[in-house]
Amino acid sequence: MCTHWSASGCKQKFKTIKMVKKEKPKLPPWVKNLYSNREYPDNYTDASFLKDLRTNLHVRIYTYPEALAGATVLSNQISCITGFLILFQLLLSDRVAPTTILVPSCAVTGIGYLCYRGRSLSLSLLGEDSKTLFTVVFFGYLFSPMLHTLTQAISTDTIYTMTFFVLLANLVFSDYGLDVAMVSKAISLNAAIFGAICLASRLLTSYHAFVLLVEAAVYFVLYPIMTEANWSPFFMVPIFAACCSSLYWISQPVLYLYASTIIFINFISPFIFVRLQQHKFNIHGPWDEAIVEENTDENLHENL
């Protein structure tokens, strides 16, 4: 290129190019601030962006016995619904008199109440609980003729379909000891009571309906309170045996369905869960959403 220029002209040109290169501004260092990186393209990713990457933070690895113990809580709720439906079938077929069901249930409930209260039981507390029990039983017996005929005009198939879905809602929204948004004791309880009212219209007399509603209160109100305070996975053994022995005389296909469901939930599902834990891969970094912690007595000094 210097053939048509003098040697001094070529040197001057190279000096000018060199000065232009030196005068090119140096990019500021990339920072984690959206409005401080205007000199960089939008799709630029700095090498320091992933230095705070963390994987599987706060992940707890469960053992098979722990997973099996947790699965029994769900199995217990399924067995609770199954036991209530067994009592309904006995009342519907009139195989057992309502009093034969009511008296042992009241005795077992009384024993469970004494075990639940334990040493905290006092005369004043017993009096308050007795008033509540008397009020519920009195109004339940008073309104049982009305509840018996409340849904009598609806077809039996529709009643059974509604009962299936509301009991399924009871199973879904029940409290299994997990702090999740979908847990709602109110929805779970209301769904179960609504299902009991639907089934009560299929029974013979209002007294049958009253006994079924009492059993619904025992199974879906008192029993969950008792098991939540004193649950043990070994309780599933007598519960499972009682349901299977009752279903054997009512319907063997339902027995096979119930037994296979409980076995799958209690043994196969925990095994699959434990095996799949090794594939868990959660990533955490600066892109995570900010979590606002509520100040309590325990973390107040740390947050300050």
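The structure presented is a predicted model; accordingly, all values stated were derived computationally and were not measured.

Draft legend 1. Structural detail: the nonpolar core. Core analysis: the biggest nonpolar cluster contains 37 residues, and F84, L91, I101, V211, L212, F220 and Y258 have the highest contact counts within it. For this core, the secondary-structure elements that each account for two or more residues are α2 (64-93), α3 (98-117), α6 (185-200), α7 (206-230), α8 (236-250) and α9 (252-276). It is α2 that contributes the most residues to this core, 10 residues altogether.

Draft legend 2. Geometry of the packing of aromatic side chains. Taken as a whole and assessed by the stated rule, the structure comprises 13 aromatic pairs. The interplanar angle of 25° and the centroid separation of 6.4 Å between the aromatic rings of Y207 and F210 together place this pair among those described as stacked. In this pair, Y207 and F210 are both assigned in helix α7, three residues apart and thus about one turn of the helix distant. On the basis of relative accessibility, which here comes to 28%, the residue Y207 falls in the partly exposed class.

Draft legend 3. Structural context of helix α4 (residues 123-148). Spanning 26 residues, α4 covers 36 Å between terminal C-alpha atoms, matching the ideal 38 Å at 1.5 Å per step. Roughly 40° is the biggest bend found in α4, and it falls at L142, with proline P145 one to four residues downstream. By the burial criterion, the buried members of α4 are S144, L147 and H148. Those residues of α4 that are buried are in contact with α6 and α7.

Draft legend 4. Focus on the pattern of salt bridges. Taken as a whole and assessed by the stated rule, the structure comprises four salt bridges. Where R117 meets D129, a salt bridge forms, and the shortest distance between an N and an O atom there is 3.2 Å. Within this pair, whereas R117 is found in helix α3, its partner D129 is found in helix α4, the two being separated by 12 residues in sequence. Assessed through its relative accessible area of 23%, R117 is described here as partly exposed. You can call D129 partly exposed: its relative accessible area is 22%. Salt-bridge contacts for E228 lead to K185; the nearest nitrogen and oxygen are separated by 3.7 Å.

Draft legend 5. Geometry of a nonpolar patch on the surface. Taken together, the side chains of F164, F165, L168, V172, L178, V180 and M182 define a hydrophobic patch exposed on the protein surface, amounting to about 670 Å² of accessible area. As for its placement among the helices and strands, V172 is situated in helix α5 (residues 156-173). Assessed through its relative accessible area of 37%, V172 is described here as partly exposed.

Draft legend 6. Structural detail: the environment of T163. Within the secondary structure, T163 is located in helix α5. Ignoring sequence-local partners within four residues, the contact set of T163 consists of G195, C198 and L199.

Procedures and definitions
- Residues numbered from 1 in each chain as written.
- Predicted model: local features only at pLDDT ≥ 70, side-chain atom pairs only at ≥ 80, totals over all residues.
- Heavy atoms only, no water.
- Core = buried A, V, L, I, M, F, W, Y, C linked by side-chain atoms within 4.5 Å.
- Buried < 20%, exposed > 50% of the residue type's maximum accessible area, 1.4 Å probe, protein only.
- Helix = DSSP H or I, 4+ residues; strand = E, 2+ residues; numbered from the N terminus.
- Phe/Tyr/Trp six-rings, centres within 6.5 Å; stacked < 30°, edge-to-face > 60°.
- Expected span 1.5 Å × (residues − 1).
- Bend = angle between axes of the 7 residues up to and from the residue.
- Contact = heavy atoms within 4.5 Å.
- Salt bridge = Lys/Arg side-chain N within 4 Å of Asp/Glu carboxyl O.
- Patch = residues over 30% accessible without salt bridge, like charges linked within 9 Å, V, L, I, M, F, W, Y side chains within 5 Å.
- Areas by Shrake-Rupley, 256 points an atom, 1.4 Å probe, with all protein chains shown as cover.

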